[in-house]
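What the coordinates show
Given next are the chains, with one letter for each unit.
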Amino acid sequence: GGIITQTPKFLIGQEGQKLTLKCQQNFNHDTMYWYRQDSGKGLRLIYYSITENDLQKGDLSEGYDASREKKSSFSLTVTSAQKNEMAVFLCASSITDNQDTQYFGPGTRLLVL
Amino acid sequence: GEQVEQRPPHLSVPEGDSAVIICTYTDSATAYFYWYKQEPGAGLQLLMSVFSNVDRKEEQGLTVLLNKKDKQLSLNLTAAHPGDSAVYFCAVSAGGADRLTFGKGTQLIIQP
């Protein structure tokens, strides 16, 4: 089996700050995803990447950048944190992007003061 | 685009009882169906996946029913125990490069 690691586990930022979240997977999966989870709203796709150096926009990409530096890692940047923002960011990976099961990391919990 | 409605948003049942969560989707081309469990402070754990050619799937006290005519997917937990307390999400997709669409989740509490 494999594991998905997300760092940091908790992130407290200031309004306007640029914040970076990191995700690592050792499944050797091709595709990685970043989702945002808000209470009562389910999961919304921010960005995904089907291979190293690839980047595809999801439904919620505005206000975010992402980078797939290598096959095992996928980072997400909040370009300008919004005051009082509170959400969980979940990273996932799958073998390919063709309906393979997605496996999730434990999440990064963001709070913006 | 695809819309998924999940209900109920909150569900509390006594230990030993059954719990049923239902998702209704809109796209008749939807072919892949998933149920995930999220425990506090954790990511999503895959419980079961179902392809559209299956109407019923049972695994370890969980039953997934798929009614394609009504575009409805359900998860039934039989003889629930406190360890089943979590948030449950359904997710669906039409396949190929189509992305997953998630329901908004059901907070399930099993009362000891």
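Look up: the structure comes first, before these words.
Now for a description of the structure that goes with this document. (Residues numbered from 1 in each chain as written. Chains lettered and ligands numbered in written order. Predicted model: local features only at pLDDT ≥ 70, side-chain atom pairs only at ≥ 80, totals over all residues. Heavy atoms only, no water.)

Considerations on the packing of aromatic side chains
We apply this condition: Centres within 6.5 Å make a pair out of two Phe, Tyr or Trp rings, where for Trp the six-membered ring is used; the pair is then stacked when the planes are under 30 degrees apart, edge-to-face when over 60, and tilted otherwise. Helix and strand definitions follow DSSP, with helices as H or I runs of at least four residues and strands as E runs of at least two, each counted in order from the N terminus. Note on exposure labels: buried denotes an accessible area under 20% of the residue type's maximum, exposed denotes more than 50%, and partly exposed covers the range between, all computed with a 1.4 Å probe on protein chains only.
In total, this model carries 12 aromatic pairs over all chains according to the counting rule given. Between Y35 of chain A and F104 of chain A, the aromatic rings sit 5.7 Å apart at their centres with planes inclined by 35°, giving tilted as the arrangement. Within this pair, whereas Y35 of chain A is found in strand β4 (residues 31-38), its partner F104 of chain A is found in strand β10 (residues 103-104), the two being separated by 69 residues in sequence. F104 of chain A shares its class with Y35 of chain A; the two are buried. Note on Y32 of chain B and F51 of chain B: the rings are 5.0 Å apart at their centroids and 55° apart in plane angle, and the pair reads as tilted. Placement of Y32 of chain B in strand β4 (residues 32-38) and of F51 of chain B in strand β5 (residues 44-51) is noted, with a sequence separation of 19 residues between them. Accessibility expressed as a relative area gives 25% for Y32 of chain B, which makes it partly exposed.

Digging into the sheet that holds strand β7 (residues 64-70) of chain A
Residue and element names in this part refer to chain A. Quick note on the threshold: Here, strands pair whenever DSSP counts at least two bridges between them. Only the stretch in contact is used when a helix axis is fitted, and all axes are lines through C-alpha atoms; the angle between N-to-C directions ranges over 0 to 180 degrees.
One open sheet holds the four strands; their spatial order is β1-β3-β8-β7, and the pairing between them is antiparallel. On the outer flanks of this sheet lie β1 (4-7) and β7, each paired with one strand and no other. Sheet twist, expressed as the mean angle between neighbouring strand axes with direction ignored, is 15°. Bridge analysis of strand β3 (residues 19-25) against strand β8 (residues 73-78) gives six bridges, and the strand direction is antiparallel. When the sheet's bridge partners are listed, L21 is paired in β8 with L76.

With respect to the interface of chain A and chain B
Note the following rule: Contacts were defined at the residue level, with two residues in contact if any of their heavy atoms lie within 4.5 Å. Put simply, buried area is the surface a 1.4 Å probe can reach on two separate parts but cannot reach once they are joined, added for both. Any carboxyl oxygen of Asp or Glu within 4 Å of a side-chain nitrogen of Lys or Arg constitutes a salt bridge here. Whenever a nitrogen or oxygen atom comes within 3.5 Å of another N or O atom, the pair is scored as a polar contact, on the condition that within protein one atom can donate a hydrogen and the other can accept it, and that pairs from neighbouring residues in sequence are kept only if both atoms are in side chains. Each residue gets one label: Ala, Val, Leu, Ile, Met, Phe, Trp, Tyr, Cys and Pro are nonpolar, Asp, Glu, Lys and Arg are charged, and the others, such as Gly, are polar.
Contacts between the two partners involve 19 residues from chain A, matched on the other side by 20 residues from chain B. Taken as a group, L43, Q99 and F104 of chain A account for 34% of the area that chain A buries against chain B, more than any other trio of residues on that side. Applying the counting criterion to the chain A and chain B interface returns zero salt bridges. In this structure, the connection of chain A to chain B is made through three residue pairs in polar contact (both at pLDDT 80 or more). For the side of chain A that touches chain B, the secondary-structure elements that each account for two or more residues are β4 and β5 (42-49) of chain A. Element by element, the count of residues in the side of chain A that touches chain B is highest for β5 of chain A, at four residues. Residues of the side of chain A that touches chain B, tallied by class, amount to eight nonpolar, eight polar and three charged.

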